[in-house]
Structure formats: structure tokens, C-alpha cells
Amino acid sequence: MRGKFITIEGCEGAGKSRQMRELAAYLEKKGVDVLVTREPGGNPISEQIRTVILAGKNTAMCDECEALLYAASRIQHLTETVIPAIKAGKTVLCDRFVHSSLAYQGYARGLGFEYVEQINQKAMDECMPDCTLFLDISPRQAFIRKGGVDKNDRVELAGEAFHQRVYEGYKKLLERYPMQMVAIDPSGAVHQTTAKIIEELQKRRLIP
Ligand code: TMP
């Protein structure tokens, strides 16, 4: 039986990785075979691409190069990691996916949703998630919670106005993909956010 594919999105510091871990722990207790992975990354080749994209020294990287590297990392991740796991019946939990490219490169960098959809066509056509959870917290609040910017991360260093555009981009995506994407308010305690996520996924019959 085909497994489920659930992704989580949000601005830097929204708490995505923590929520992925909490959800995975819940599912494992229920006996679900889970794979937790992330983008960019998730396997050796995609992780190497991640290092190039995020390196603080790569300030000369143009927007199209960035978008294509994310797409390259993604296609390797899909082919080597995500699709085989879904075919094996696993529930795949992925920290960021194509919606990050749409919000960051498509909207905030200004390349357009259509361009990003085009360079991610396999992901768009064959591997859209069963549900995309958007942790709906503004970048300002999220950076405060995270304790500031990571000075070695090129994207985090892009400035407040950029991250505000990312947030607006996600809001547009909620309208563009209303069936698949759902906003979760993460402003409460970690366990409260996890409970909201579990409830939403149960409602959609994606998890026990
Ligand atoms: P992370 O910090 O959540 O691991 O993500 C790495 C950075 O990459 C983060 O700043 C968001 C950015 N990103 C994009 O700009 N486009 C993408 O497609 C993905 C997956 C991440």
C-alpha cells in the first residue's frame, strides 16, 4: 500500500523541525513506519547541494542558480529517498518541500510561482504531499523565538524585509493550494501545537 507524504513549512524559527520530531515520536508509538527527512537534503548528494546553497560565502549566487539548486537537490531527494519510501508504505515526514521554493524563490526572490512550478515539474506532477502543514508565525516573532539569525546561513542573513515577503508568499500559497495546505497556529506550547497537527492529520485520515 502507498504510504503517506506529509510536509511542514514556515519561516525560519517557526519550530518545524521540532514538530516533525514530535509527530514522528507520536506515530512510532502508534506502530507507524515513519521516515523523517528534510529539504534541501535528506541524502548524501542533496546534503552536498545544501552546503553549496546555504554557505555564507556564496553571496554571488544569482536567484535562478539558487532556485535550480533547490530543484536539483529535490529531484535527487525524491528519486533516491522519498518515492522509494512512499512505495514501501512508509509515512514520510518532510521538513520543507516545493512550497518553500514557491515562497522563497517564487515569491520573495520574485522569480514567479510559474517558473518555480516549471523547474519542479516532477515534484508538482507526481509527488505533491497529501498534506502540507504551514506553521503560521511571522518572521519577526519566529526569529525572536529562535534567538536571532544564524550568521553562517546565507538565506537567514537575507534581512527582515525578505523574510516578511516569504511569509506573504506562504499566505498566497494557502489560497493557491487550499485543499492541500493548512495553517497551524504555533504560538502556544510545543505540545499544544503537536496536538493541533495530529488532530488536523487525523481529520484528513492520514494518520491513526
Ligand atoms: P532550514 O533552515 O529550514 O533547514 O532550510 C534551509 C533554508 O533554505 C531556509 O532558509 C529556507 C531555504 N529554502 C528555500 O529557500 N527554498 C527551498 O526550496 C527550500 C527547501 C529551502
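Sequence order sets the numbering: in each chain, residues are counted from 1 along the sequence as written. Totals for whole chains, interfaces and linings use every residue, but because this is a predicted model, local features are given only for residues with pLDDT of at least 70 and side-chain atom pairs only at 80 or more, for both listing and counting. Hydrogens are left out, water is left out, and the side-chain values use all remaining heavy atoms of the structure.

J.: I'm lost on the nonpolar core in this one. Help?
T.: Across soluble globular proteins, nonpolar side chains have a tendency to be buried as a group. Remark: nonpolar core denotes a set of buried residues (Ala, Val, Leu, Ile, Met, Phe, Trp, Tyr, Cys) joined through side-chain atoms within 4.5 Å. We call a residue buried when its accessible area falls under 20% of the maximum for its residue type, exposed when it is over 50%, and partly exposed in between, using a 1.4 Å probe and counting protein chains only. Core analysis: the biggest nonpolar cluster contains 34 residues, and Phe5, Val166, Tyr170 and Leu173 have the highest contact counts within it. Helix numbering and strand numbering both begin at the N terminus, where a helix is a DSSP run of H or I of at least 4 residues and a strand a DSSP run of E of at least 2. Counting only elements with at least two residues in this core, the list comes to α2 (44–54), α3 (63–87), β3 (91–95), α4 (98–108), α5 (113–119), α6 (121–126) and α8 (160–176). A total of six residues in this core trace back to one element, the largest contributor, which is α8. Every residue in contact with tyrosine 170, bar those within four places of it in the chain, is listed here: Glu9, Gly10, Cys11, Arg96, His99, Ser100, Ala103, Tyr104, Phe134 and Met181. Counting residues in each nonpolar core, the second largest holds 23 residues, with Ile6, Met20, Val32 and Val182 among its members. Residue contacts follow a heavy-atom distance rule, with two residues in contact if any of their heavy atoms lie within 4.5 Å.

J.: How do you make sense of the packing of α3 against α4 when you look at a structure like this?
T.: To describe two helices that pack against each other, one gives the angle between their axes and the distance between the axes. Orientation is described by axes fitted as lines to C-alpha atoms, over the contacting stretch for helices, and by angles from 0 to 180 degrees between their N-to-C directions. The interhelical angle for the contact between α3 and α4, taken along N-to-C directions, is 180 degrees, at an axis separation of 11 Å. With respect to their mutual orientation, α3 and α4 come out roughly antiparallel. Here Glu66, Ala67, Tyr70 and Arg74 of α3 come into contact with α4, specifically with Val98, Ser101 and Gln105. Looking at the contact of α3 with α4 residue by residue, the classes come out as three nonpolar, two polar and two charged. Any angle that falls under 35 degrees is termed roughly parallel, while one over 145 is termed roughly antiparallel, one within 65 to 115 roughly perpendicular, and all others oblique. Residue polarity is assigned by list, with Asp, Glu, Lys and Arg as charged and Ala, Val, Leu, Ile, Met, Phe, Trp, Tyr, Cys and Pro as nonpolar; anything else, Gly included, falls into the polar class.

J.: Explanation requested: the pattern of salt bridges in the structure shown.
T.: For side chains of opposite charge, pairing can occur when their charged atoms come near one another. Take a side-chain nitrogen of Lys or Arg and a carboxyl oxygen of Asp or Glu: if they are within 4 Å of each other, that pair is a salt bridge. A full pass over the atoms with the stated rule returns 17 salt bridges. The residue glutamate 117 makes a salt bridge to arginine 176 at a minimum N-O spacing of 3.1 Å. Residue glutamate 117 is located in helix α5, and its partner arginine 176 is located in helix α8; the two are separated by 59 residues in the primary sequence. The exposure class of arginine 176 is partly exposed, given its relative accessible area of 35%. The shortest N-O distance in the salt bridge between glutamate 200 and lysine 203 comes to 3.4 Å. Within this pair, glutamate 200 and its partner lysine 203 are both found in helix α9 (residues 190–203), separated by three residues, close to a single helical turn. If you follow the salt bridges from partner to partner, you end up with Glu9, Glu12 and Arg96 in one network.

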